[in-house]
Amino acid sequence: MGINKLAYEQLLHQLAIDDVTLVAVSKTKPVEAILSLYELGQRNFGENYVQELITKVPQLPSDINWHFIGHLQTNKVKVIVPLVQLIHGVDSPKLLKEINKEAAKCGKVVDCLLQMHIAQEETKFGLNEQELEDIIEQTNTSPLPHVRIVGLMGMASFTQDVAVVRNEFKFLKKIFEKTKLMLKATPSFQTLSMGMSSDYETAIAEGATMVRIGSLLFGAR
């Protein structure tokens, strides 16, 4: 399985103009494909499955920044905390506290994104606005020293209707700016992760600072 080198180079050029970070979604992709993209300079890779992540990490260069972008269960936290730079899908206070506990054991601080539910599909995970405010309030009153909330993440509806997707990203951007004001003493809160292969251009237009792209680079699963 090869990678689309031309698509990668064009994407990098586009993202550089907007100062957007690319996370190459490498779930289900072989180590050889990841290494090919690494050799072109890519360092941020995203995995959805815990077992796949822990299998790949030892086989690949140590300077890769691994992002966990799937739904994370609390009983899997201890396995991935030593391996990842950023956890994208934190959707409960319980999960955040578990990450803090396991990060303390490793003597590290783990960057996290709070996942918001912005799509029409009920099956997607994420917080609503009240739940987000509750988490921010809890962390303000009872700080978690081994967790750093650096931004928000969201997934738009799976639809061909660009207007729907745009409105969902616009809504997430509004929440992001509101949360940034609530965390004015937290300068690290700068990441808005939204947009995938099918909708990243819309996401960038609506303020994304990070996109998660897989099939455009690696081909369809």
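Since the model is a prediction, treat every value here as computed from it, not as a measurement.

**Considerations on helix α2 (residues 31-39)**
Then step 1. Turning to α2, its buried residues are Val-31, Ala-33, Ile-34, Leu-37 and Tyr-38. For α2, the angular spread of the buried residues around the axis is 165°, confining them to a single face. Looking at α2, the residues exposed on the side facing more than 90 degrees away from the buried face are Glu-32 and Glu-39.
Then step 2. Elements in contact with the buried residues of α2: α1 (5-18), β1 (21-25), β2 (44-47), α3 (50-56), β3 (65-68) and α9 (215-218).

**Quick notes on unusual backbone geometry**
Then step 1. Unusually for a residue other than glycine, Asp-19 sits at a positive phi of about 55°.
Then step 2. Its location among the elements puts Asp-19 in the loop between α1 and β1.
Then step 3. In this model, Thr-28 sits at a positive phi of 70°, which is unusual for a non-glycine residue.
Then step 4. By the secondary structure assignment, Thr-28 is in the loop between β1 and α2.

**What to know about the environment of Arg-212**
Then step 1. Structurally, Arg-212 is set in strand β8 (residues 210-213).
Then step 2. A C-alpha to C-alpha distance of 21 Å links Arg-212 and Ser-62, two positions 150 residues apart in sequence.
Then step 3. A polar atom in the side chain of Arg-212 sits 3.4 Å from the backbone oxygen of Gly-154.

The rules we used
- Residues numbered from 1 in each chain as written.
- Predicted model: local features only at pLDDT ≥ 70, side-chain atom pairs only at ≥ 80, totals over all residues.
- Heavy atoms only, no water.
- Buried < 20%, exposed > 50% of the residue type's maximum accessible area, 1.4 Å probe, protein only.
- Helix = DSSP H or I, 4+ residues; strand = E, 2+ residues; numbered from the N terminus.
- Arc of directions from axis to C-beta.
- Contact = heavy atoms within 4.5 Å.
- Polar contact = N/O pair within 3.5 Å; in protein donor to acceptor, adjacent residues only side chain to side chain.

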